[in-house]
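# Secondary and tertiary structure notes
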Amino acid sequence: MASPSISRIFVIGGTGAQGMPIVRALVAHKRYAVRFLSRDPGSRRAKELLALDNVSVVEGSFADEDVLREGLRGCDGAYINLDGFNAGEKTETYWAIRCYEIAIEEGIQFFVYGNLDYGLKKSGYDSRFRTGHYDGKGRIGEWILSQNQVNGARMGAAVFTSGPYIEMVISPGTPMTPTVEDGVVTWRVPLGEGAVPHVALEDCGHYVRWLFDHPERANGMDLEVAVDHIGYADLAAAFERVTGHPARYVDTDLDTYWREGPLSRIADAPAGYNADPNDKSTMNVRDNFTGFWNLWKYGVVERDYGLLDEVHPTRIRSAEEWFRREDERGRALGKGGLWERVQPDNRTPILKIGEDMRAGKL
Ligand SMILES: NC(=O)c1ccc[n+]([C@@H]2O[C@H](COP(=O)([O-])OP(=O)(O)OC[C@H]3O[C@@H](n4cnc5c(N)ncnc54)[C@H](OP(=O)(O)O)[C@@H]3O)[C@@H](O)[C@H]2O)c1
(Lines give C-alpha, C1' and ligand atoms only; values in the text may rest on other atoms or scores of the structure.)
Protein backbone atom coordinates (compact mmCIF):
# COMPACT_ATOMS: atom_id res chain seq x y z
CA MET A 1 0.00 0.00 0.00
CA ALA A 2 1.28 3.43 -0.93
CA SER A 3 2.53 5.76 1.77
CA PRO A 4 0.07 8.48 2.80
CA SER A 5 2.86 11.07 3.08
CA ILE A 6 2.58 12.53 -0.42
CA SER A 7 4.02 15.97 -0.74
CA ARG A 8 4.93 16.89 -4.35
CA ILE A 9 2.52 16.24 -7.21
CA PHE A 10 3.30 16.36 -10.91
CA VAL A 11 0.29 17.65 -12.87
CA ILE A 12 -0.30 17.30 -16.62
CA GLY A 13 -3.00 19.64 -17.91
CA GLY A 14 -2.50 22.12 -15.05
CA THR A 15 -3.15 25.20 -17.18
CA GLY A 16 -6.40 23.75 -18.53
CA ALA A 17 -9.98 24.40 -17.49
CA GLN A 18 -9.83 21.28 -15.33
CA GLY A 19 -6.27 21.69 -14.12
CA MET A 20 -6.41 25.24 -12.78
CA PRO A 21 -8.89 24.58 -9.93
CA ILE A 22 -7.19 21.24 -9.23
CA VAL A 23 -3.77 22.84 -8.81
CA ARG A 24 -5.31 25.57 -6.64
CA ALA A 25 -7.00 23.00 -4.41
CA LEU A 26 -3.83 20.91 -4.08
CA VAL A 27 -1.61 23.77 -2.95
CA ALA A 28 -4.25 25.34 -0.69
CA HIS A 29 -3.23 25.35 3.00
CA LYS A 30 0.27 24.31 1.86
CA ARG A 31 -0.65 20.63 1.88
CA TYR A 32 1.06 19.80 -1.43
CA ALA A 33 3.58 21.34 -3.78
CA VAL A 34 2.74 21.10 -7.48
CA ARG A 35 5.01 20.83 -10.49
CA PHE A 36 2.94 21.26 -13.65
CA LEU A 37 3.76 20.60 -17.27
CA SER A 38 3.18 23.24 -19.93
CA ARG A 39 4.22 23.73 -23.52
CA ASP A 40 4.28 27.46 -22.80
CA PRO A 41 5.28 28.55 -19.28
CA GLY A 42 4.89 32.17 -20.41
CA SER A 43 1.14 31.88 -21.05
CA ARG A 44 -1.36 33.85 -18.97
CA ARG A 45 -2.62 30.69 -17.32
CA ALA A 46 0.85 29.35 -16.51
CA LYS A 47 1.79 32.68 -14.94
CA GLU A 48 -1.39 32.63 -12.86
CA LEU A 49 -0.42 29.24 -11.45
CA LEU A 50 3.20 30.23 -10.90
CA ALA A 51 2.04 33.16 -8.79
CA LEU A 52 0.74 30.63 -6.21
CA ASP A 53 2.96 29.36 -3.40
CA ASN A 54 4.65 25.98 -3.93
CA VAL A 55 4.02 25.80 -7.68
CA SER A 56 6.70 25.22 -10.30
CA VAL A 57 6.68 24.33 -13.98
CA VAL A 58 8.39 21.94 -16.38
CA GLU A 59 8.34 23.02 -20.00
CA GLY A 60 7.49 20.47 -22.68
CA SER A 61 4.94 18.07 -24.08
CA PHE A 62 3.45 14.91 -22.60
CA ALA A 63 4.28 13.26 -25.92
CA ASP A 64 7.95 13.06 -24.95
CA GLU A 65 9.41 10.43 -22.67
CA ASP A 66 12.29 12.60 -21.47
CA VAL A 67 9.84 15.32 -20.45
CA LEU A 68 7.62 12.84 -18.61
CA ARG A 69 10.63 11.55 -16.67
CA GLU A 70 11.78 15.06 -15.83
CA GLY A 71 8.31 15.95 -14.58
CA LEU A 72 7.72 12.77 -12.58
CA ARG A 73 11.19 12.40 -11.07
CA GLY A 74 11.33 13.53 -7.46
CA CYS A 75 7.54 13.74 -7.14
CA ASP A 76 5.41 11.49 -4.92
CA GLY A 77 2.09 11.97 -6.68
CA ALA A 78 0.86 12.50 -10.25
CA TYR A 79 -2.37 13.92 -11.65
CA ILE A 80 -2.51 13.11 -15.34
CA ASN A 81 -5.06 14.71 -17.66
CA LEU A 82 -3.82 14.20 -21.21
CA ASP A 83 -5.42 16.44 -23.82
CA GLY A 84 -7.15 14.15 -26.29
CA PHE A 85 -8.39 17.19 -28.21
CA ASN A 86 -4.76 17.82 -29.10
CA ALA A 87 -3.34 14.31 -29.52
CA GLY A 88 -6.40 12.43 -30.77
CA GLU A 89 -7.58 9.13 -29.32
CA LYS A 90 -4.87 6.84 -30.69
CA THR A 91 -1.88 8.94 -29.64
CA GLU A 92 -3.46 9.75 -26.28
CA THR A 93 -3.84 6.02 -25.59
CA TYR A 94 -0.13 5.38 -26.14
CA TRP A 95 1.05 8.28 -23.99
CA ALA A 96 -1.39 7.48 -21.19
CA ILE A 97 0.06 3.98 -20.96
CA ARG A 98 3.61 5.32 -21.00
CA CYS A 99 2.77 7.89 -18.30
CA TYR A 100 1.56 5.13 -15.99
CA GLU A 101 4.59 2.94 -16.69
CA ILE A 102 7.14 5.74 -16.28
CA ALA A 103 5.40 6.93 -13.11
CA ILE A 104 5.99 3.51 -11.53
CA GLU A 105 9.59 3.44 -12.68
CA GLU A 106 10.23 6.95 -11.32
CA GLY A 107 8.91 6.03 -7.87
CA ILE A 108 5.56 7.83 -7.83
CA GLN A 109 3.56 6.73 -4.77
CA PHE A 110 0.07 7.67 -5.88
CA PHE A 111 -1.17 8.16 -9.44
CA VAL A 112 -4.51 9.76 -10.31
CA TYR A 113 -5.74 9.51 -13.87
CA GLY A 114 -8.06 12.22 -15.25
CA ASN A 115 -10.68 10.02 -16.88
CA LEU A 116 -13.97 10.05 -18.76
CA ASP A 117 -16.63 7.34 -18.98
CA TYR A 118 -15.96 4.39 -21.25
CA GLY A 119 -19.23 5.17 -23.03
CA LEU A 120 -18.94 2.58 -25.76
CA LYS A 121 -18.63 -0.23 -23.22
CA LYS A 122 -21.31 1.22 -20.95
CA SER A 123 -23.69 1.30 -23.95
CA GLY A 124 -23.10 -2.40 -24.61
CA TYR A 125 -20.74 -1.68 -27.53
CA ASP A 126 -23.29 0.20 -29.62
CA SER A 127 -21.54 2.47 -32.16
CA ARG A 128 -24.16 5.21 -31.81
CA PHE A 129 -22.36 6.04 -28.57
CA ARG A 130 -18.81 5.95 -29.92
CA THR A 131 -17.07 9.08 -28.61
CA GLY A 132 -13.32 9.13 -29.13
CA HIS A 133 -12.47 11.53 -26.35
CA TYR A 134 -14.51 9.45 -23.88
CA ASP A 135 -13.55 5.93 -24.97
CA GLY A 136 -9.87 6.93 -25.32
CA LYS A 137 -9.76 7.78 -21.63
CA GLY A 138 -12.28 5.20 -20.39
CA ARG A 139 -10.35 2.23 -21.77
CA ILE A 140 -7.19 3.47 -20.06
CA GLY A 141 -9.05 4.08 -16.80
CA GLU A 142 -10.01 0.40 -16.77
CA TRP A 143 -6.53 -0.66 -17.80
CA ILE A 144 -4.95 1.32 -14.96
CA LEU A 145 -7.31 -0.20 -12.39
CA SER A 146 -6.51 -3.69 -13.62
CA GLN A 147 -2.75 -3.00 -13.60
CA ASN A 148 -3.20 -1.62 -10.12
CA GLN A 149 -4.34 -5.01 -8.84
CA VAL A 150 -0.75 -6.16 -9.32
CA ASN A 151 1.11 -2.86 -8.91
CA GLY A 152 -0.99 -1.19 -6.21
CA ALA A 153 1.42 -1.91 -3.37
CA ARG A 154 4.27 -0.22 -5.24
CA MET A 155 2.28 2.70 -6.68
CA GLY A 156 -1.33 3.29 -5.68
CA ALA A 157 -3.68 4.48 -8.42
CA ALA A 158 -7.14 6.00 -8.67
CA VAL A 159 -9.26 7.09 -11.58
CA PHE A 160 -11.10 10.41 -11.50
CA THR A 161 -14.00 10.24 -13.93
CA SER A 162 -15.50 13.64 -14.64
CA GLY A 163 -17.82 14.82 -17.42
CA PRO A 164 -18.92 17.90 -19.37
CA TYR A 165 -18.03 21.02 -17.41
CA ILE A 166 -21.13 23.00 -16.47
CA GLU A 167 -19.05 26.13 -17.14
CA MET A 168 -19.41 25.25 -20.85
CA VAL A 169 -23.12 26.08 -20.87
CA ILE A 170 -22.22 29.79 -20.83
CA SER A 171 -18.88 29.66 -22.69
CA PRO A 172 -18.12 30.23 -26.38
CA GLY A 173 -16.94 27.43 -28.66
CA THR A 174 -18.33 24.49 -26.69
CA PRO A 175 -20.85 21.81 -27.76
CA MET A 176 -23.56 23.56 -25.70
CA THR A 177 -22.84 27.26 -26.29
CA PRO A 178 -26.20 29.08 -26.26
CA THR A 179 -27.44 31.74 -28.65
CA VAL A 180 -29.30 34.85 -27.52
CA GLU A 181 -32.39 35.14 -29.73
CA ASP A 182 -34.61 38.21 -29.28
CA GLY A 183 -33.39 38.50 -25.71
CA VAL A 184 -33.92 34.80 -24.90
CA VAL A 185 -30.92 32.66 -23.97
CA THR A 186 -31.43 29.56 -26.10
CA TRP A 187 -29.76 26.17 -25.92
CA ARG A 188 -30.36 24.32 -29.22
CA VAL A 189 -28.85 20.89 -28.68
CA PRO A 190 -29.71 17.28 -29.68
CA LEU A 191 -30.56 16.09 -26.17
CA GLY A 192 -34.24 15.08 -26.42
CA GLU A 193 -35.56 14.36 -22.92
CA GLY A 194 -32.09 13.28 -21.80
CA ALA A 195 -29.84 14.85 -19.17
CA VAL A 196 -26.16 15.76 -19.01
CA PRO A 197 -24.18 14.75 -15.88
CA HIS A 198 -22.39 18.09 -15.81
CA VAL A 199 -19.49 18.60 -13.42
CA ALA A 200 -18.50 21.83 -11.67
CA LEU A 201 -14.79 22.59 -12.02
CA GLU A 202 -14.46 24.01 -8.51
CA ASP A 203 -15.66 20.69 -7.09
CA CYS A 204 -13.13 18.79 -9.21
CA GLY A 205 -10.43 20.49 -7.14
CA HIS A 206 -11.99 19.13 -3.95
CA TYR A 207 -12.43 15.62 -5.31
CA VAL A 208 -8.88 15.27 -6.64
CA ARG A 209 -7.43 16.62 -3.43
CA TRP A 210 -9.58 14.10 -1.52
CA LEU A 211 -8.09 11.25 -3.57
CA PHE A 212 -4.55 12.31 -2.67
CA ASP A 213 -5.54 12.94 0.96
CA HIS A 214 -6.99 9.43 1.31
CA PRO A 215 -4.68 7.09 -0.61
CA GLU A 216 -5.69 4.06 1.47
CA ARG A 217 -9.32 4.37 0.50
CA ALA A 218 -8.69 5.83 -2.96
CA ASN A 219 -6.30 3.11 -4.13
CA GLY A 220 -8.14 1.18 -6.84
CA MET A 221 -11.11 3.57 -6.84
CA ASP A 222 -12.92 5.04 -9.82
CA LEU A 223 -14.42 8.25 -8.44
CA GLU A 224 -17.15 9.16 -10.92
CA VAL A 225 -18.43 12.67 -10.30
CA ALA A 226 -21.18 15.06 -11.42
CA VAL A 227 -23.31 17.88 -10.05
CA ASP A 228 -26.49 16.14 -11.19
CA HIS A 229 -28.04 14.73 -14.35
CA ILE A 230 -29.30 18.01 -15.79
CA GLY A 231 -32.08 18.18 -18.38
CA TYR A 232 -31.88 21.32 -20.47
CA ALA A 233 -35.47 22.49 -19.84
CA ASP A 234 -34.46 22.46 -16.16
CA LEU A 235 -31.19 24.20 -17.02
CA ALA A 236 -33.08 27.00 -18.77
CA ALA A 237 -35.59 27.30 -15.91
CA ALA A 238 -32.73 27.54 -13.41
CA PHE A 239 -31.07 30.26 -15.49
CA GLU A 240 -34.35 32.23 -15.49
CA ARG A 241 -34.76 31.93 -11.73
CA VAL A 242 -31.24 33.14 -11.05
CA THR A 243 -31.01 35.96 -13.60
CA GLY A 244 -34.63 37.01 -14.00
CA HIS A 245 -34.12 36.85 -17.77
CA PRO A 246 -35.81 34.45 -20.20
CA ALA A 247 -34.12 31.25 -21.31
CA ARG A 248 -35.25 28.12 -23.18
CA TYR A 249 -34.15 24.74 -24.44
CA VAL A 250 -34.97 23.75 -28.01
CA ASP A 251 -34.52 20.07 -28.75
CA THR A 252 -32.68 20.01 -32.06
CA ASP A 253 -32.21 17.17 -34.53
CA LEU A 254 -28.63 16.19 -35.31
CA ASP A 255 -28.74 17.43 -38.93
CA THR A 256 -29.78 20.91 -37.84
CA TYR A 257 -27.29 20.88 -34.97
CA TRP A 258 -24.44 20.05 -37.34
CA ARG A 259 -25.63 22.59 -39.93
CA GLU A 260 -26.19 25.52 -37.55
CA GLY A 261 -24.92 24.59 -34.08
CA PRO A 262 -21.89 25.91 -32.20
CA LEU A 263 -19.45 23.30 -33.59
CA SER A 264 -20.78 23.32 -37.18
CA ARG A 265 -17.79 25.23 -38.59
CA ILE A 266 -15.34 22.54 -37.45
CA ALA A 267 -17.60 19.49 -37.97
CA ASP A 268 -15.26 17.86 -40.52
CA ALA A 269 -12.01 18.63 -38.67
CA PRO A 270 -10.28 15.91 -36.65
CA ALA A 271 -11.53 15.95 -33.04
CA GLY A 272 -7.87 16.10 -31.96
CA TYR A 273 -6.32 19.09 -33.73
CA ASN A 274 -2.95 17.34 -34.13
CA ALA A 275 -4.43 13.94 -35.09
CA ASP A 276 -3.75 12.76 -38.63
CA PRO A 277 -6.89 13.39 -40.72
CA ASN A 278 -5.79 10.64 -43.11
CA ASP A 279 -5.57 8.02 -40.38
CA LYS A 280 -8.81 6.04 -40.42
CA SER A 281 -8.74 5.81 -36.64
CA THR A 282 -9.19 9.60 -36.40
CA MET A 283 -12.75 10.67 -35.56
CA ASN A 284 -13.96 13.99 -36.84
CA VAL A 285 -15.76 16.48 -34.61
CA ARG A 286 -19.18 15.54 -36.03
CA ASP A 287 -18.89 11.81 -35.36
CA ASN A 288 -17.22 12.34 -32.00
CA PHE A 289 -19.83 14.73 -30.63
CA THR A 290 -22.76 12.85 -32.15
CA GLY A 291 -21.75 9.94 -29.91
CA PHE A 292 -21.32 12.41 -27.04
CA TRP A 293 -24.88 13.76 -27.33
CA ASN A 294 -26.29 10.24 -27.70
CA LEU A 295 -24.64 9.26 -24.40
CA TRP A 296 -26.72 11.92 -22.62
CA LYS A 297 -29.88 11.62 -24.72
CA TYR A 298 -30.19 7.89 -24.01
CA GLY A 299 -28.98 7.93 -20.40
CA VAL A 300 -25.93 5.68 -20.77
CA VAL A 301 -23.93 7.15 -17.89
CA GLU A 302 -24.82 6.86 -14.19
CA ARG A 303 -23.51 8.41 -10.99
CA ASP A 304 -23.66 7.47 -7.30
CA TYR A 305 -24.71 10.78 -5.78
CA GLY A 306 -24.82 9.29 -2.28
CA LEU A 307 -21.10 8.55 -2.48
CA LEU A 308 -20.40 12.08 -3.73
CA ASP A 309 -22.34 13.55 -0.80
CA GLU A 310 -20.07 11.58 1.51
CA VAL A 311 -16.82 12.54 -0.24
CA HIS A 312 -17.82 16.19 -0.65
CA PRO A 313 -20.66 17.16 1.72
CA THR A 314 -20.79 20.77 0.49
CA ARG A 315 -20.66 19.86 -3.20
CA ILE A 316 -22.73 21.76 -5.78
CA ARG A 317 -25.93 19.75 -6.28
CA SER A 318 -27.93 21.51 -8.98
CA ALA A 319 -27.68 23.76 -12.02
CA GLU A 320 -29.45 26.48 -10.06
CA GLU A 321 -26.88 26.34 -7.28
CA TRP A 322 -24.06 26.57 -9.80
CA PHE A 323 -25.68 29.48 -11.68
CA ARG A 324 -26.22 31.32 -8.41
CA ARG A 325 -22.62 30.88 -7.29
CA GLU A 326 -21.28 31.81 -10.72
CA ASP A 327 -23.47 34.91 -10.87
CA GLU A 328 -22.12 36.07 -7.50
CA ARG A 329 -18.53 35.16 -8.38
CA GLY A 330 -18.67 37.07 -11.68
CA ARG A 331 -20.07 40.16 -9.95
CA ALA A 332 -17.41 40.02 -7.24
CA LEU A 333 -14.71 39.86 -9.95
CA GLY A 334 -16.22 42.83 -11.77
CA LYS A 335 -17.22 40.72 -14.78
CA GLY A 336 -20.92 41.41 -14.29
CA GLY A 337 -23.76 39.01 -13.68
CA LEU A 338 -24.51 35.90 -15.69
CA TRP A 339 -26.96 37.70 -17.94
CA GLU A 340 -24.27 40.18 -19.03
CA ARG A 341 -21.66 37.45 -19.34
CA VAL A 342 -23.76 35.26 -21.62
CA GLN A 343 -24.10 38.02 -24.25
CA PRO A 344 -22.00 37.05 -27.29
CA ASP A 345 -19.65 40.05 -27.04
CA ASN A 346 -18.86 39.44 -23.37
CA ARG A 347 -18.07 35.74 -23.42
CA THR A 348 -14.70 34.34 -22.48
CA PRO A 349 -13.69 30.73 -23.18
CA ILE A 350 -13.41 28.40 -20.21
CA LEU A 351 -11.26 26.00 -22.25
CA LYS A 352 -7.63 26.81 -23.05
CA ILE A 353 -8.17 25.17 -26.43
CA GLY A 354 -10.71 27.94 -27.08
CA GLU A 355 -8.20 30.63 -26.12
CA ASP A 356 -5.56 28.96 -28.29
CA MET A 357 -8.01 28.55 -31.24
CA ARG A 358 -7.40 24.77 -31.49
CA ALA A 359 -3.71 25.23 -32.25
CA GLY A 360 -0.41 24.30 -30.61
CA LYS A 361 2.20 21.61 -30.86
CA LEU A 362 1.87 18.01 -29.80
N1 LIG B 1 -14.45 19.91 -21.86
C2 LIG B 1 -14.93 19.07 -20.95
O3 LIG B 1 -16.06 19.18 -20.50
C4 LIG B 1 -14.06 17.97 -20.41
C5 LIG B 1 -14.48 17.30 -19.28
C6 LIG B 1 -13.66 16.30 -18.76
C7 LIG B 1 -12.48 15.98 -19.38
N8 LIG B 1 -12.11 16.65 -20.51
C9 LIG B 1 -10.85 16.24 -21.14
O10 LIG B 1 -9.81 17.08 -20.66
C11 LIG B 1 -8.77 17.18 -21.64
C12 LIG B 1 -8.46 18.64 -21.89
O13 LIG B 1 -8.28 19.33 -20.68
P14 LIG B 1 -9.16 20.61 -20.35
O15 LIG B 1 -10.57 20.22 -20.41
O16 LIG B 1 -8.62 21.22 -19.12
O17 LIG B 1 -8.92 21.54 -21.65
P18 LIG B 1 -8.16 22.91 -21.91
O19 LIG B 1 -8.69 23.97 -21.02
O20 LIG B 1 -8.23 23.14 -23.38
O21 LIG B 1 -6.66 22.62 -21.47
C22 LIG B 1 -5.80 21.79 -22.20
C23 LIG B 1 -4.63 21.44 -21.29
O24 LIG B 1 -3.82 20.43 -21.89
C25 LIG B 1 -2.47 20.86 -21.91
N26 LIG B 1 -1.82 20.29 -23.09
C27 LIG B 1 -2.32 20.19 -24.35
N28 LIG B 1 -1.44 19.59 -25.15
C29 LIG B 1 -0.36 19.28 -24.39
C30 LIG B 1 0.87 18.63 -24.64
N31 LIG B 1 1.19 18.15 -25.85
N32 LIG B 1 1.75 18.50 -23.62
C33 LIG B 1 1.45 18.99 -22.38
N34 LIG B 1 0.28 19.59 -22.07
C35 LIG B 1 -0.61 19.74 -23.07
C36 LIG B 1 -2.54 22.38 -21.95
O37 LIG B 1 -1.32 22.90 -21.43
P38 LIG B 1 -0.38 24.00 -22.17
O39 LIG B 1 -1.20 24.63 -23.26
O40 LIG B 1 -0.01 24.93 -21.06
O41 LIG B 1 0.76 23.20 -22.69
C42 LIG B 1 -3.71 22.62 -21.02
O43 LIG B 1 -3.27 22.53 -19.69
C44 LIG B 1 -9.32 16.50 -22.89
O45 LIG B 1 -8.72 15.21 -23.03
C46 LIG B 1 -10.81 16.38 -22.64
O47 LIG B 1 -11.37 15.24 -23.27
C48 LIG B 1 -12.85 17.66 -21.00
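No experiment lies behind these values; they were computed from the predicted model shown.

Right, let's get into helix 5 (residues 89–105). Compared with the 24 Å implied by 1.5 Å per residue over 17 residues, the 25 Å span of helix 5 between its first and last C-alpha is a close match. Buried within helix 5 are the following residues: E89, T91, E92, T93, W95, A96, C99, Y100 and A103. Each element contacted by the buried residues of helix 5 is listed here: helix 3 (65–72), strand 4 (77–80), helix 4 (84–87), strand 5 (110–115) and helix 7 (132–151). Just downstream of helix 5, G107 is the residue with a positive phi angle, here 90°.

To continue, consider the domain arrangement of the protein chain. Each domain of the protein chain was delimited in the assignment, giving domain 1 (8–163 + 199–224) and domain 2 (166–196 + 228–300 + 320–356). Once you take the C-alpha centre of each, domain 1 and domain 2 turn out to be 25 Å apart. Looking at the side of domain 1 that touches domain 2, the elements with two or more residues in it are helix 4, helix 5, helix 6 (119–122) and helix 7. A total of 4 residues in the side of domain 1 that touches domain 2 trace back to one element, the largest contributor, which is helix 4.

The residue K30 is not glycine, and still its phi comes out positive at about 55°. According to the C-beta neighbour criterion, K30 is exposed, with 8 such atoms within 10 Å. A positive phi angle, near 65°, is found at N54, a position not held by glycine. Along the chain, the position of N54 falls in the loop between helix 2 (44–50) and strand 3 (55–59).

The residue I144 is located in helix 7 in this model. Residue classification places I144 among the buried residues on the basis of 24 C-beta atoms within 10 Å. Setting aside residues up to four positions removed in sequence, I144 forms contacts with Y100, Y113, A157 and V159.

A few words now on the site of the ligand. Taken together, the neighbourhood of the ligand is formed by 33 residues, with G16, S38, R39, D83 and I353 sitting nearest. Among the elements that take part in the shell around the ligand, helix 4 stands out by supplying 3 residues, more than any other. For the shell around the ligand, the class distribution of residues is 14 nonpolar, 15 polar and 4 charged. In terms of domain composition, the shell around the ligand takes at least three residues from each of domain 1 (8–163 + 199–224) and domain 2 (166–196 + 228–300 + 320–356).

What follows covers the UniProt feature "domain: NmrA-like" (unreviewed entry) in the protein chain. The UniProt feature table records "domain: NmrA-like" (unreviewed entry) at residues 7–252. Span residues 7–252 is 40% helix and 22% strand, its end C-alpha atoms 48 Å apart.

So, on to the packing of helix 3 against helix 5. Look at helix 3 against helix 5: their axes get within 10 Å of each other, and the N-to-C directions meet at 45°. Accordingly, the angle class assigned to the pair helix 3 and helix 5 is oblique. For helix 3 against helix 5, the interelement crossing comes out right-handed. For the pair formed by helix 3 and helix 5, the contact residues are E65, L68, R69 and L72 on the first element and R98, C99, I102 and A103 on the second. Residue composition of the contact of helix 3 with helix 5, grouped by class: 5 nonpolar, no polar and 3 charged.

A separate point is the packing of helix 1 (residues 19–27) against helix 8 (residues 201–213). For the pair helix 1 and helix 8, the least separation of the axes is 8 Å and the interaxial angle reads 45°. Taken together, the axes of helix 1 and helix 8 lie oblique to each other. Seen along the crossing, helix 1 lies across helix 8 with a hand that is right-handed. Of the residues in helix 8, those in contact with P21, I22, R24, A25 and L26 of helix 1 are L201, E202, C204, G205, H206, V208 and R209.

The strand order across the open sheet built from 7 strands is 3-2-1-4-5-6-10, with neighbouring strands paired in parallel fashion. The sheet is open, and its two borders are formed by strand 3 and strand 10 (222–224), each paired with just one other strand. Pairs of neighbouring strands in the sheet enclose a mean axial angle of 20°, with direction left out of account. The sheet contact formed by strand 1 (residues 8–12) and strand 2 (residues 33–38) spans 5 bridges and is parallel. Bridge assignment links I9 to a residue of strand 2, and that residue is V34. Running at roughly 165° to strand 3, helix 3 makes contact with strand 1, strand 2, strand 3 and strand 4 of the sheet.

Cut-offs used in this document
Residues numbered from 1 in each chain as written. Predicted model: local features only at pLDDT ≥ 70, side-chain atom pairs only at ≥ 80, totals over all residues. Helix = DSSP H or I, 4+ residues; strand = E, 2+ residues; numbered from the N terminus. Expected span 1.5 Å × (residues − 1). Buried ≥ 20, exposed ≤ 12 C-beta atoms within 10 Å, placed from the backbone. Contact = placed C-beta atoms within 7 Å. Domains from an automatic or database assignment. Near = placed C-beta within 6 Å. Nonpolar A, V, L, I, M, F, W, Y, C, P; charged D, E, K, R; others polar. UniProt positions renumbered as here; feature names shortened; annotations may be inferred. Axes fitted to C-alpha atoms, helices over the stretch in contact; angles between N-to-C directions. Parallel < 35°, antiparallel > 145°, perpendicular 65-115°, else oblique. Left-handed = near helix turned anticlockwise from the far one by under 90°. Pairing = 2+ DSSP bridges.

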